[in-house]
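Each chain is listed here by its residues.
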Amino acid sequence: MELGMRLIAERVAGERGGTGLFHDLSFALGPSEGLVLTGPNGAGKSTLLRILAGLLRPSAGSVRFIEDNGEPAHEPFHFLSAQNAMKDQLSTFDNLGFWQKFLPAHPSGSGLSPLAALERVGLAHTADLPFGYLSTGQRRRAAIARLLVSHRPVWLTDEPTSGLDKASENLFAAIASDHLKSGGILVAATHLPLGIAGLQELRIGAAA
């Protein structure tokens, strides 16, 4: 049986400004599996996500992405940070078009067109509007649409529902659930319940 894409973290430690935040964290995720990172502010949830994304080096341990043939995978993920990573002056359509070209799809699938991705998050009517004109919630939904324009099997997300109303939270839960059902992997750092069934939890740091 093929295992599909796997994310393996082994005895990972992280620090900020020379101060240790966490150590000896290990987990493995395969197709259709998700992990929620929880814990108090400053515990290192965002730091761990950045380590998984290769933006920070762990102070100890290792992170590996492995293809179903056993070979190392090359950047098979989307990283959705707490910032939306969109240009205010560009339209939502052009922003998504940029990301579609900048982050080509993983060979295991394709992505939606920018307009179809905007339709999926209920923002087709904003296609020609500059991103800077959108409300906080609309900006986040447009950023979520970025996950859809290029297929990548692993989604690394930092507070993905921040700034969303209840209906939009449910929309993200449906989109993420579809990603998992199709064999994708999800890692989300959040303080809020995501409403996605079957997610594992990794709590970082002491109780608040």
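Procedures and definitions
- Residues numbered from 1 in each chain as written.
- Predicted model: local features only at pLDDT ≥ 70, side-chain atom pairs only at ≥ 80, totals over all residues.
- Heavy atoms only, no water.
- Phe/Tyr/Trp six-rings, centres within 6.5 Å; stacked < 30°, edge-to-face > 60°.
- Lys NZ or Arg CZ within 6 Å of the ring centre and 35° of its normal.
- Pairing = 2+ DSSP bridges.
- Helix = DSSP H or I, 4+ residues; strand = E, 2+ residues; numbered from the N terminus.
- Axes fitted to C-alpha atoms, helices over the stretch in contact; angles between N-to-C directions.
- Core = buried A, V, L, I, M, F, W, Y, C linked by side-chain atoms within 4.5 Å.
- Buried < 20%, exposed > 50% of the residue type's maximum accessible area, 1.4 Å probe, protein only.
- Contact = heavy atoms within 4.5 Å.
- pLDDT = per-residue confidence, 0-100.
- Polar contact = N/O pair within 3.5 Å; in protein donor to acceptor, adjacent residues only side chain to side chain.

### Observations regarding the packing of aromatic side chains
Here the structure, examined in full by the defined rule, presents four aromatic pairs. Three or more aromatic residues joined by ring pairs form one cluster here, namely Phe98, Trp99 and Phe102. It is Arg146 that lies over the ring of Trp99; its NZ or CZ is 4.8 Å from the centre.

### Examining the sheet that holds strand S2 (residues 19-29)
Hydrogen bonds between backbone groups are what pair the strands of a sheet, and the pairing can be parallel or antiparallel. Spatial ordering of the open sheet is given by S2-S1-S4, a layout of three strands whose pairing is antiparallel. Pairing within the sheet leaves two strands with one partner each, and these edge strands are S2 and strand S4 (60-66). Taking each pair of neighbouring strands and ignoring which way they run, the sheet shows an average axis angle of 20 degrees. As paired strands, strand S1 (residues 6-16) and S4 are joined by six bridges and run antiparallel to one another. Bridge pairing in S4 links Leu7 to Phe65.

### Considering the nonpolar core
General note: in soluble globular proteins, nonpolar side chains tend to be found buried as a group. Counting residues in each nonpolar core, the largest one holds 31 residues, and the members touching the most others are Leu96, Ile144 and Ile196. Those elements that provide at least two residues to this core are helix H2 (92-102), helix H3 (114-120), helix H4 (136-149), helix H5 (166-181) and strand S7 (185-189). Broken down by element, the residue count for this core peaks at seven residues, all from H4. Discounting chain neighbours no more than four positions away, the residues touching Leu96 are Met86, Pro114, Ala117, Leu118, Ala142, Ala145, Arg146 and Val149. One finds Leu35, Leu37, Ala53 and Leu156 within the second-largest nonpolar core, a separate group that totals 27 residues.

### Quick word on the environment of Lys181
You can see Lys181 is positioned in helix H5. Using a relative accessible area of 68% as the deciding quantity, one classes Lys181 as exposed. Sequence spacing of Lys181 and Ile8 is 173 residues, and the spatial spacing of their C-alpha atoms is 20 Å.

### Regarding the confidence of the model for the protein
Overall, the prediction assigns the protein a mean pLDDT of 92, with 97% of residues at 70 or greater. Here S2 stands out as the least confident element of the protein, with mean pLDDT 93; H3 is the most confident, with 98.

### As for the environment of Ser26
Mapped onto the elements of the fold, Ser26 is located in strand S2. Classification of Ser26 as partly exposed rests on a relative accessible area of 46%. With residues near it in sequence (within four places) discarded, Ser26 still touches Ala9, Glu10 and Arg11. Polar side-chain contacts of Ser26 include one of 2.7 Å to the backbone nitrogen of Arg11.

### A word on the sheet that holds strand S3 (residues 34-38)
Read across the sheet, five strands follow the order S5-S6-S7-S3-S8 without closing on themselves; strand pairing throughout is parallel. What marks the edges here is a single partner per strand, and that holds for strand S5 (77-80) and strand S8 (200-203). Shown here is a sheet whose adjacent strand axes are inclined to one another by a mean of 15 degrees, direction ignored. Bridging between strand S6 (residues 154-158) and S7 involves five bridges; their strand directions are parallel. Residue pairing across strands places Asp158 opposite Ala189, the latter belonging to S7. In the packing of helix H1 (residues 45-52) onto the sheet, the strands contacted are S3, S5, S6, S7 and S8, and the crossing angle to S6 comes to about 150 degrees.

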